[in-house]
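Chain and residue survey
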Number of protein chains: 2
Amino acid sequence: MFDVKNIQKLQKILKEKGLKAYLIFTSDPHNSEYVSDYYLAERKYFCPFTGSAGQVLITQEKAYLFADGRYWIQAKNQLENSNIELIKVGDVGVLPLKEFIKENKLYPLGVNFLNITEQSLESYKKAGITLIDVDFSYLAEAKEDKAQKVFKLDDDLVTLSSEEKINKILEESEKQGASSNLVTTLDDIAFILNIRGRDIPRNPVFYSYLYLSKIAGNHLFINKEKIDFSIKNVAIHDYNEIFTFLKAHKDIKTLVDPLRVNARVYSLLNEPIRGRNPSYLMKAIKGKKEIENTKKIQAIDGLALLKFNKYLDENLLKNLNEYDYSEKLEEFRKESSLCFDLSFDTIASVGPNAAMMHYEPTKEMHSVVSDKDIELLVDSGGQYYGGTTDTTRTFLIGKPTKEYIHDYTLTLKSLIHVSKAIFLDGSSGQTIDILARQFMWNEGMDYKCGTGHGVGYILNVHEGPNGFRYKKVPERDDQDPIKPGMITTIEPGVYKENKYGIRIENNLLCVPAFKTSDGEFYKFETITYVPIETRCLDFNLLTKEEIMRLNDYHELVYNKLSELIKDKDLLNYLKSKTAKIKI
Amino acid sequence: MFDVKNIQKLQKILKEKGLKAYLIFTSDPHNSEYVSDYYLAERKYFCPFTGSAGQVLITQEKAYLFADGRYWIQAKNQLENSNIELIKVGDVGVLPLKEFIKENKLYPLGVNFLNITEQSLESYKKAGITLIDVDFSYLAEAKEDKAQKVFKLDDDLVTLSSEEKINKILEESEKQGASSNLVTTLDDIAFILNIRGRDIPRNPVFYSYLYLSKIAGNHLFINKEKIDFSIKNVAIHDYNEIFTFLKAHKDIKTLVDPLRVNARVYSLLNEPIRGRNPSYLMKAIKGKKEIENTKKIQAIDGLALLKFNKYLDENLLKNLNEYDYSEKLEEFRKESSLCFDLSFDTIASVGPNAAMMHYEPTKEMHSVVSDKDIELLVDSGGQYYGGTTDTTRTFLIGKPTKEYIHDYTLTLKSLIHVSKAIFLDGSSGQTIDILARQFMWNEGMDYKCGTGHGVGYILNVHEGPNGFRYKKVPERDDQDPIKPGMITTIEPGVYKENKYGIRIENNLLCVPAFKTSDGEFYKFETITYVPIETRCLDFNLLTKEEIMRLNDYHELVYNKLSELIKDKDLLNYLKSKTAKIKI
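So, a few notes on the structure that sits alongside this text. Predicted, not measured: the structure shown is a model, and the values here were computed from it. (Residues numbered from 1 in each chain as written. Chains lettered and ligands numbered in written order. Predicted model: local features only at pLDDT ≥ 70, side-chain atom pairs only at ≥ 80, totals over all residues. Heavy atoms only, no water.)

Turning to the overall build of chain A, a few remarks are in order. Helices and strands together make up the secondary structure of chain A, namely 19 helices and 28 strands. Against the compact-globule benchmark of 25 Å for 583 residues, chain A has a radius of gyration of 25 Å, which places it among compact chains. Dimensions along the principal axes, computed over C-alpha positions, put chain A at roughly 75 × 55 × 45 Å. Summarising the internal contacts of chain A: among those between residues at least 6 apart in sequence, 66% fall at separations of at least 24. Of the accessible surface of chain A, which amounts to about 24,400 Å², a share of 49% is contributed by carbon and sulfur atoms. (Helix = DSSP H or I, 4+ residues; strand = E, 2+ residues; numbered from the N terminus. Rg over C-alpha atoms; globule rule 2.2 N^0.38 Å. Contact = heavy atoms within 4.5 Å. Areas by Shrake-Rupley, 256 points an atom, 1.4 Å probe, with all protein chains shown as cover.)

Here it is as structure tokens:
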């Protein structure tokens, strides 16, 4: 628990050790997007803020929380009486973290090198900042998370065995001049071994390191209590043995990704071959079984959202709130025994809440859903034995204004134009992105996020190199060409502060279109099967072709979902929600 | 002149010096796209091929010409009886140059380090190839080009003085940690000094090096016979003094661009700060006067093309050939005293010739233009005291087929959709490119070139970081965001082997569109004023909005050109070529 005295205790140590400051990232040794409670504990010990991102910087005299716009209100409240100053990252005239440290000469700076990537460490060094590897997490007395058992994926869930994947990876590593490959990112390890875990909520991964080598053999480092089966051709060691193991094998040329490996582990390698892990791209290109299963569970997921839509229509006058609805949606998903978790915390938001892209209702903080609002935006997904989903629908619950109808129609146009794109091999998300944004840009609007991202298979909902944004963000490493087998979710939207938020999101599978003398062309197959609200469309803004595409989509949704429905009421509801629009 | 004995002479020297091979690039010490005869002489001494690209590799026993598809037929003919083997770069199973050298262990390899960029040298080293800096050009006894006088640009032609430009550059260099900036690219030097030359046909540049420094002063290295005026704050030295100068100043931190500097000059710097030259981006963003003047001379250039169109209509039955027409077009351009050169050799091509993107008629090789062909494609431009142009029109001269009409219409659609784009600050050519290509891609077609490129100001017709292609080509360094003031030419097309080629090309100036709470948006203003053939359009393929855009464009062309026309006949011709299409 946070106490102002915790900071003072640390400041005393900083002075003794001659460190100008100590920096705590919201991070773990595996560069995970979300981290377990264990790795959050240290930050929470020194700072009462509970958000899922932000950095705490403690100098010999002061303490700061660096947080971006999503968290300013929350942080301000939570920091009261903490003596911690909030630094509003992204606000006018505010120095970003690294520049702040440089400007105020807060170095030598203590950092736990387990929680910083090698690439990030190098960027600090390049800025002239001296970093010292220290670990004060013991002060927080964090308790190890309870050992959650990992589980093997059945053969019918995966196209390639882990042995086949390992062979491919070692071949690729050899091409890059390496005899081994050190994999530290948790979703890559889960992918390679065809194993899933429960260490991080919503992300079915398990804390571990994986070392693959033709010379030294294959080795998994994991809390042994978590695993009660053996893996063919892979020796199992305790999680912390990675350090002595790497020291013993430091002279082997090892492929390692500086963008993703933690700096402490990296420092143990004498012969690092810097490059991207082969699994990063392999994981993004789904195989035959992964695609078949994903389509199957997408229909199941679509059914849950259909039921939810009906429930929403029928309960609107009951004064339920956003959190109630998110709970209800989880119930519908869990009706299928294949669903074992959500893929992220459900966003269910009305009106001005929906305009805040990262708003999530909680048990404590939420708004009532009523027909005084125009819309209920629901962005949600499930983890299934058979795939991972991520879908947004903006349900109409009140009377739409002209402006809303206009913006909703633009959003649908954006989604349609990406969905129907045909593109030459070599095209990336950056190539295609403008097909979505053009309608907003023509009117001086823009959504302040990517148009989409890769989606994992029974894995993280944010994944892979198939990002979708209109300009490069090099450190994201997500601008690979879109290839057949990749699943990308596309989520254009319009967000009007204090008014409303609109987003429509489908998962698109890249498939071959045709091969001609000018090259190989690809297209998308939509694999999200959920009706799209049509009662707030301005048909004057839609071309005939666009309406045809919408009708085709609703026909697909009807065919996919009707197979799963026995209840007549629900089937009629599906019929009405997928009714053909007259052209 | 080439003689088989020349190769034998060299091979003897190679053996004496223990070099496995000698490699001759088609290049000069300034990484110029086109080079003067002087720098071509060595290659021509060892190889009878006359194309404008290709590499000659001479081993102790053999000799090879590496040439890409554009030159295979020409090279095959010219290499007859030369004992030189043609390596068809790009053909199935053919190793590219570097891989060929590596595979056959043709190193130590002799190269003139003046004619290879530092970046390229490093890529050879990285591939494990040892390069030795040698210079056998003396064998060719090349004669220095006659010293052509350089000329100053009048004040009303340039927005910033050379002093202002130098100050900006030195500020930018300081930000990158450098006290000096070594500029070796000829168009950058011409831009910075507001001077133009005549050393390379079509490119109004002059051979020189420019060294800018707050510490050591500013220095131009140029054949002193070429310059008969002084430059404020810039000392003038003889061209070859650059080497002793750099040796004397080698310890100054000097900003230098490894992508563009030659390896010999680079090797003289002890403290190179590797980075892009500030002038590269500055040059691309045209100032107020540059824009005003360019618009003025674009109208003059448009008038020449209008006259040409009329001439073509009136002379079709006279059996003139492509080269005759290109000469005639040059005549029309030179009617204006402002036009002092072409910006590249005119491409005038009928039918199957037009399908070859890089075909150029010559006095010796050309086809007759007749109404048996559908089209005459003319891609041409002028160098004016006031700007540089690059325009393509595909004139209808015969009876178009259905397929031709279809493809011509698609090409126009492509041009229209880029021309009307609105895009957020940060968007690059890669962001916008698909607006052009989408129509071809939907049908499995693609043009095998960029959609466009930057255009210089009284400078090289290929310029700058504002490239336009659907995927990254890192070594081109041409994917910067498109900013107001940049001039980009857009040239989509359809090329059908042995049938026809279609291309329509306009120069677009980036201008602000609007600024909203979501950011700054830009758009394009078309600054090429030449009627577009409408008699082979399929109006069923065009939307109302597209036809309106075409009508608006023709209204603009009429307004711009009619001001310059006194001749009633020509005015009537203009009227007919810009007539409004009924919607």
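All right, on to the pattern of salt bridges then. Residues and elements named next belong to chain A. Counted according to the given criterion, the structure contains 84 salt bridges over all chains. Of the charged contacts in the structure, one is a salt bridge between Arg503 and Glu491, with a shortest N-O distance of 3.6 Å. With Arg503 in strand β26 (residues 500-503) and Glu491 in the loop between β24 (487-490) and β25 (493-496), this residue pair connects regions lying 12 residues apart in the sequence. By relative accessible area, which is 4% here, Arg503 ends up buried. The shortest N-O distance in the salt bridge between Arg549 and Glu545 comes to 3.3 Å. Of the two residues, Arg549 and Glu545 both sit in helix α18 (residues 544-562), four residues apart, roughly one turn of that helix. A relative accessible area of 38% places Arg549 in the partly exposed class. Exposure remark for Glu545: the relative accessible area of 35% places this residue in the partly exposed category. Each of the salt bridges in this network shares a partner with another, and the network as a whole consists of Asp257, Arg260, Arg276, Asp477 and Asp480. (Salt bridge = Lys/Arg side-chain N within 4 Å of Asp/Glu carboxyl O. Buried < 20%, exposed > 50% of the residue type's maximum accessible area, 1.4 Å probe, protein only.)

For the rest of this paragraph, the subject is the sheet that holds strand β12 (residues 234-237) of chain A. Residue and element names in this part refer to chain A. Taken together, the six strands give an open sheet; going across it, the order is β12-β11-β10-β8-β13-β14, and neighbouring strands pair in mixed fashion. If you trace the sheet from one side to the other, it starts and ends with β12 and β14 (272-274), each paired once. Between one strand and the next, the sheet's axes are offset by a mean angle of 25 degrees, whatever the strand orientation. When strand β13 (residues 254-256) meets β14, the two strands line up parallel, connected through three bridges. Each bridged residue has a counterpart across the sheet, and for Leu255 the counterpart in β14 is Ile273. Contacts from helix α7 (residues 162-175) reach β8 (180-183), β10 (208-213), β11 (218-222), β12 and β13 within the one sheet, and its direction differs from that of β10 by about 65 degrees. (Pairing = 2+ DSSP bridges. Axes fitted to C-alpha atoms, helices over the stretch in contact; angles between N-to-C directions.)

Residues and elements named next belong to chain B. Here we have six strands laid out as an open sheet, ordered β12-β11-β10-β8-β13-β14, and mixed in their pairing. The two strands at the open ends of the sheet, each matched to only one other strand, are β12 (234-237) and β14 (272-274). Looking at each pair of strands side by side, their axes are set apart by 25 degrees on average, direction ignored. Inspection of the sheet shows strand β8 (residues 180-183) paired to strand β13 (residues 254-256) by two bridges, in the parallel sense. From the neighbouring strand, Ser180 faces β13, where its bridge partner is Thr254. Its contacts with the sheet place helix α6 (residues 162-175) against β8, β10 (209-213), β11 (218-221), β12 and β13, and it is angled at close to 70 degrees to β10. Strand contacts of helix α7 (residues 186-193): β8, β10, β11 and β12, with the helix running at about 55 degrees to β10, the strand carrying the most contacts.

A few words now on the pairing of β8(A). Residues and elements named next belong to chain A. Alternating positions in β8 separate into two faces, Ser180 and Leu182 on one and Asn181 and Val183 on the other, with burial throughout. Pairing between β8 and β10: four bridges, direction antiparallel. Within the sheet, the bridge partner assigned to Leu182 lies in β10 and is Tyr211.

Residue and element names in this part refer to chain A. Relative to each other, helix α15 (residues 402-419) and α18 sit at 80 degrees, their axes nearing to 10 Å. Considering their axes alone, α15 and α18 lie roughly perpendicular with respect to each other. Contacts from Leu412, Lys413, Ile416 and His417 in α15 reach Glu546, Arg549 and Leu550 in α18. Classifying every residue of the contact of α15 with α18 gives three nonpolar, one polar and three charged. (Parallel < 35°, antiparallel > 145°, perpendicular 65-115°, else oblique. Nonpolar A, V, L, I, M, F, W, Y, C, P; charged D, E, K, R; others polar.)

So, about the interface of chain A and chain B. Taken together, the contact pairs 28 residues of chain A with 28 residues of chain B. At the boundary of chain A with chain B, total buried surface from both sides reaches about 2,400 Å², with 55% on carbon and sulfur atoms. For the pair chain A and chain B, the interface holds zero salt bridges. In this structure, the connection of chain A to chain B is made through 12 residue pairs in polar contact (both at pLDDT 80 or more). (Buried area = accessible area lost by both parts, 1.4 Å probe. Polar contact = N/O pair within 3.5 Å; in protein donor to acceptor, adjacent residues only side chain to side chain.)

Relative to chain B, chain A is turned by 180 degrees and slid 0.0 Å along the rotation axis, the superposed coordinates differing by an RMSD of 0.0 Å. Such a combination of turn and shift is consistent with a two-fold rotation axis. When C-alpha positions in chain A are compared against the rotation axis, the closest is assigned to Thr431(A), at 2.7 Å. Looking at chain A, 100% of its interface residues are interface residues in chain B too, so the copies touch through the same face. (Least-squares fit on C-alpha atoms with pLDDT ≥ 70 in both.)

Time to look at the pairing of strand β20 (residues 391-396) of chain A. Residue and element names in this part refer to chain A. Summarising burial for β20: six of the six residues are buried, a large majority. Along β20, one buried face is formed by Thr391, Arg393 and Phe395 and the opposite face, lined by Thr392, Thr394 and Leu396, is buried too. The pairing of strand β17 (residues 375-380) with β20 spans six bridges and is antiparallel. Across the sheet, Leu377 pairs through a bridge with Thr394, a residue of β20.

So yeah, pure geometry; function would need other evidence.
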